[in-house]
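Each chain, letter by letter, is given below.
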Amino acid sequence: MGGITVVISLVLGTVQINGLFSDWQERKVVVSQLIEAAALQTDARDYKGAWKLIDEALNLNPSSLLARQQQMVIAMVWLRNIQVQGTDTFSYIVDKLLPILYLGSVNENVNTAANALTHIGWANYLRISDGVGGLEVEEYYRRALNLDPNNVYAHVMWGYWILSQENHNVNSDADLDVAKLHFSAALDSQQNRAFVRKLQLSALRQAHHGSIVQIEYIKVAQEILQQKGTLNQYNRAGVFRAMQDS
């Protein structure tokens, strides 16, 4: 009887293990599909939907490295293209994205950590524009460039911040020269040039430095056209106004 009991226990144990393995395999497949779908939604600029899908993937497998990586990609792309409507604020979106960025900032991969640090700085800039005080911005860009001196996002976002209305340290035309160095370094990286040019034009268009900035704005717009790039209607109108005022 004792031998029969042992055999039955082994059989039941094997059935249970097989059931767990099957369940694990099914979860793995579903998680993989959710990650792929989230990537597609990110490409389609449906960041809210992509975030929801990746949350589902992590609920099924909290230890999935691929899901965590995709979550950070979504967070960074969302921040670079953030838009708010109605009564929403930047902070409403930013607050749920920051935890994964802080996690990424201590990643062993230097590029990953630098990208995460840079986007934390950008997230803080967005929160400052909402009226939140006491937040560091430049410090995160500085730390990112210490890790990755050629980081495209750290350079372009720092250049933007230097000319930003929310940066209360802006007080001289020398700031434009520093910003130009960062924009130049970002362009030299040859990465995501469309975003670099978009942020560069936006920074110059909003800066309060008189005619010197307007001239630089016109110059950059001309460079873009000479390099077979395009200007949207907003920037074309901005160039026209700058030409009238300069």
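None of these values were measured; they are calculated from a predicted model.

What counts as what
Residues numbered from 1 in each chain as written. Predicted model: local features only at pLDDT ≥ 70, side-chain atom pairs only at ≥ 80, totals over all residues. Heavy atoms only, no water. Core = buried A, V, L, I, M, F, W, Y, C linked by side-chain atoms within 4.5 Å. Buried < 20%, exposed > 50% of the residue type's maximum accessible area, 1.4 Å probe, protein only. Helix = DSSP H or I, 4+ residues; strand = E, 2+ residues; numbered from the N terminus. Contact = heavy atoms within 4.5 Å. Salt bridge = Lys/Arg side-chain N within 4 Å of Asp/Glu carboxyl O. Expected span 1.5 Å × (residues − 1). Axes fitted to C-alpha atoms, helices over the stretch in contact; angles between N-to-C directions. Parallel < 35°, antiparallel > 145°, perpendicular 65-115°, else oblique. Left-handed = near helix turned anticlockwise from the far one by under 90°. Nonpolar A, V, L, I, M, F, W, Y, C, P; charged D, E, K, R; others polar. Polar contact = N/O pair within 3.5 Å; in protein donor to acceptor, adjacent residues only side chain to side chain.

A separate point is the nonpolar core. Judged by nonpolar contacts, the single largest core of 69 residues is most densely connected at Leu79, Leu101, Trp122, Val156, Met157 and Leu163. No other element matches the 10 residues that helix H7 (residues 152-163) contributes to this core. Here Val156 is in contact with His182, Phe183, Ala186, Phe195, Val196 and Leu199, once residues within four sequence places are set aside.

Right, let's talk about the pattern of salt bridges for a bit. In the structure shown here, the tally under the stated rule is 5 salt bridges. Between Asp95 and Arg127 there is a salt bridge, and its shortest N-O distance comes to 3.9 Å. Highlighted residues: Asp95 in helix H4 (residues 90-104) and Arg127 in helix H5 (residues 110-129), separated in sequence by 32 residues. A relative accessible area of 44% means that Asp95 is categorised as partly exposed. For the salt bridge of Glu223 with Arg197, the shortest nitrogen-to-oxygen distance reads 3.4 Å. One end of the pair, Glu223, is in helix H10 (residues 211-226); the other, Arg197, is in helix H9 (residues 193-206), with 26 residues separating them in the sequence. Exposure remark for Glu223: the relative accessible area of 26% places this residue in the partly exposed category. Members of the salt-bridge network, linked through shared partners, are Glu138, Glu139 and Arg142.

Mapping Val196 onto the fold places it in helix H9. Residue Val196 is classed as buried on the basis of its relative accessible area of 0%. Taking the C-alpha atoms as reference points, Val196 and Tyr160, 36 residues apart in sequence, are found 9.8 Å from one another.

Looking now at H7. Counting along an α-helix, one turn takes 3.6 residues, and residues three or four places apart therefore face a common direction. With 12 residues, H7 ought to run about 16 Å at 1.5 Å a step, and its terminal C-alpha atoms sit 17 Å apart, in line with that. Within H7, 12 of the 12 residues are buried, which leaves it mostly tucked inside the rest of the structure. Every buried residue belonging to H7 is among Val152, Tyr153, Ala154, His155, Val156, Met157, Trp158, Gly159, Tyr160, Trp161, Ile162 and Leu163, and all of these are buried.

A few words on the packing of helix H3 (residues 65-80) against H5. Direction vectors running N to C along H3 and H5 enclose 40°, while the axes themselves pass 10 Å from each other. If you check the angle between H3 and H5, you find them oblique. Between H3 and H5 lies a crossing whose hand is left-handed. Judged by residue contacts, Met72, Met76, Leu79 and Arg80 of H3 engage Thr112, Asn115, Ala116, His119, Trp122, Ala123 and Leu126 from H5. When the residues that make up the contact of H3 with H5 are grouped by side-chain class, the tally is 7 nonpolar, 3 polar and 1 charged.

Classification of Arg197 as buried rests on a relative accessible area of 10%. When neighbours within four sequence positions are excluded, Arg197 is seen to be in contact with Leu187, Val220, Glu223, Ile224 and Gln227.

Taking 1.5 Å per residue as the helical rise, H5 with its 20 residues ought to reach 28 Å, and the 29 Å between its terminal C-alpha atoms agrees with that figure. Across the 20 residues of H5, 16 count as buried, placing the element largely inside the fold. Its side-chain oxygen placed 3.0 Å from the backbone nitrogen of Asn111, Asn109 serves as the N-cap of H5. Immediately downstream of H5, the backbone of Gly131 shows phi near 105°, a positive value.

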